[in-house]
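# Chains, contacts and geometry: an overview
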Amino acid sequence: EDEITLFERDMKEFWIQFKISYGTEQISQTLALRDSCKETIETLSEKWSEKLKEEDLMIEKIQEYNNEILQLSKYVAEKEEQLTEVKSKLNQEEEQQKNLTDSIQELKEELMKKMEIKSSKNEAAKEKVERVSKTKTLFKERLGLEMRRIHDEQLQFIFRHIDHKDPDKPYMFTLSINEQGDYEVTSCTPPLDCIAELQLKLRETNNFSAFVANIRKAFTALSYK
């Protein structure tokens, strides 16, 4: 900017001198001034050309930086999207883990309840078996009854001295405790029509002695047929 101003000032001085004195000397001075101006313009042109080149390089650099920033922004956006997906999966896995934990806890509680119920039923069944066993000797002495423990925790009841024609002929039935903790007749030889009724009455009254006595009466009545 200073050089342009200097150039304009020189041109003004040139025209002033040109107007004052007109001649060979002035023409020589004009030519010299022209040459000087030409050199100045060439110098300025070279400088401005270099500056333009520098600006072009600067623009290229800025464009490269912008491209790098754009690529970096895309990379960051992709990573943020991946991070969001990972967080979502983690949240889903945490929810599934919580649901699984809750399900396991529910199963544990249900299993504990079933174990308590089973333990209670086993205890009741054990008491019934013990009660039956305690009367074994009494039945054998008074009713000619023999009791045997067979497979699957069943009791086999064998009556003798029923058939007056054949006192040693066995009349028998098998008794067990089912899953509900009730008495259940699993076999009866010879079969009795009233066995289901006697079984139901046993479950209602829990009077085992009367149940065995009634079966003996039924076998005795059958022996006379």
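Residues numbered from 1 in each chain as written. Predicted model: local features only at pLDDT ≥ 70, side-chain atom pairs only at ≥ 80, totals over all residues. Heavy atoms only, no water.

### A closer look at the sheet that holds strand β2 (residues 154-159)
Just so we agree on the cut-off: Each pair of strands is called paired provided DSSP finds at least two bridges between the two strands. Only DSSP runs of H or I reaching four residues or more are called helices, and only runs of E reaching two or more are called strands; each is numbered from the N terminus. Axis geometry follows a simple rule: fit a line to the C-alpha atoms, using only the stretch in contact for helices, then measure angles between N-to-C directions, giving values from 0 to 180 degrees. What makes two residues a contact is simply this: any of their non-hydrogen atoms within 4.5 Å.
Taken together, four strands build an open sheet; the order of strands is β1-β2-β3-β4 and the sheet is antiparallel. Looking along the sheet, the strands with just one partner apiece sit at the ends: β1 (145-150) and β4 (183-189). Across the sheet, the mean angle from the axis of one strand to that of its neighbour is 20°, orientation sign disregarded. Sheet contacts for helix α5 (residues 208-223): β1, β2, β3 (171-177) and β4; angle to β3, the most-contacted strand, approximately 150°.

### Considering the pairing of β1
The pairing of β1 with β2 spans six bridges and is antiparallel. Bridging from a neighbouring strand, R149 pairs with L155 of β2. The antiparallel pairing of β1 with β2 creates a hairpin that spans three residues between the two strands, and D152 there sits at a positive phi of about 60°.

### Here we look at the pairing of β2
As a reminder of what qualifies: Here the term buried applies to any residue with accessible area under 20% of the maximum for its type, exposed to any over 50%, and partly exposed to those in between, with areas from a 1.4 Å probe on protein chains only.
With six of six residues buried, β2 is to be regarded as a mostly interior element. In β2, alternate side chains face the same way, and those of Q154, Q156 and I158 on one face and L155, F157 and F159 on the other are all buried.

### A closer look at the nonpolar core
Put simply, the test is: In these notes, a set of buried Ala, Val, Leu, Ile, Met, Phe, Trp, Tyr and Cys residues joined through side-chain atoms within 4.5 Å is what counts as a nonpolar core.
Residues F157, F159, F173, F211, I215 and F219 are the most contacted members of the largest nonpolar core, which totals 22 residues. Sorting the residues of this core by element identifies β1, β2, β3, β4, α4 (195-205) and α5 as the ones contributing at least two each. Broken down by element, the residue count for this core peaks at six residues, all from α5. Ignoring anything within four residues of it in the chain, the contact list for F211 reads F173, L175, V185, L198, Q199 and L202.

### So, the pattern of salt bridges
Here is the rule we go by: Between Lys or Arg on one side and Asp or Glu on the other, a salt bridge is scored when a side-chain nitrogen of the former is within 4 Å of a carboxyl oxygen of the latter.
Across all of its chains, the model carries three salt bridges by this definition. For K114, the salt bridge is made with E110, and the minimal N-O distance between the two is 3.6 Å. Residue K114 and its partner E110 are both found in helix α2 (residues 24-134); the two are separated by four residues, about one turn of the helix. A relative accessible area of 40% means that E110 is categorised as partly exposed.

### Digging into the packing of aromatic side chains
To keep it simple, the criterion reads: Two aromatic rings, drawn from Phe, Tyr or Trp (for Trp, its six-membered ring), form a pair once their centres lie within 6.5 Å of each other, and the interplanar angle then sorts them: stacked below 30 degrees, edge-to-face above 60, tilted otherwise. Each ring is checked for a lysine NZ or an arginine CZ that lies within 6 Å of its centre and within 35 degrees of its normal; such an atom marks a charge sitting over the ring.
Here the structure, examined in full by the defined rule, presents eight aromatic pairs. Measuring from centroid to centroid gives 6.2 Å for F159 and F173, while their planes differ by 25°, and the two rings are stacked. Taken as a pair, F159 in strand β2 and F173 in strand β3 lie far apart in primary sequence, 14 residues in all. Residue classification places F159 among the buried positions, given a relative accessible area of 0%. Assessed through its relative accessible area of 0%, F173 is described here as buried. Here the aromatic cluster, defined as three or more aromatic residues joined through ring pairs, consists of F157, F159, Y171, F173, Y183, F208, F211 and F219. The ring centre of W48 lies 4.9 Å from the NZ or CZ of K51, which sits over that ring.

### Considerations on the packing of α4 against α5
Condition: Roughly parallel means an angle under 35 degrees; roughly antiparallel, over 145; roughly perpendicular, 65 to 115; everything else is oblique. When the near helix sits turned anticlockwise from the far one by under a right angle, the crossing is termed left-handed; a clockwise turn instead gives a right-handed crossing. As a working rule, the residues Ala, Val, Leu, Ile, Met, Phe, Trp, Tyr, Cys and Pro are called nonpolar, Asp, Glu, Lys and Arg charged, and the rest polar, with Gly in that last group.
Viewed as axis vectors pointing N to C, α4 and α5 meet at an angle of 170°, and their least axial separation amounts to 9 Å. The orientation of α4 with respect to α5, classified from their angle, is roughly antiparallel. Judged by the twist between their axes, the crossing of α4 over α5 is right-handed. Contacts from I195, L198, Q199 and L202 in α4 reach F208, F211, N214 and I215 in α5. Grouping the constituent residues of the contact of α4 with α5 by class yields six nonpolar, two polar and no charged.

### A few points about the confidence of the model for the protein chain
Worth spelling out the cut-off: pLDDT gives the predictor's per-residue confidence on a scale running from 0 to 100.
Here the protein chain shows a mean pLDDT of 82. Residues at 70 or above account for 86%. Averaged over each element, pLDDT in the protein chain is lowest for helix α3 (residues 136-143) (66) and highest for α4 (96).

### A look at α4
Counted only if it meets this: To be clear, the arc concerns the directions from the helix axis to the C-beta atoms.
For α4, the complete set of buried residues consists of I195, L198, Q199 and L202. Down the axis of α4, the buried side of the element spans an arc of 100°, and every buried residue falls inside it. Exposed residues lying more than 90 degrees from the buried face of α4 are A196, E197 and E204. N206 occupies a position one or two residues after α4 and carries a positive phi of about 60°.

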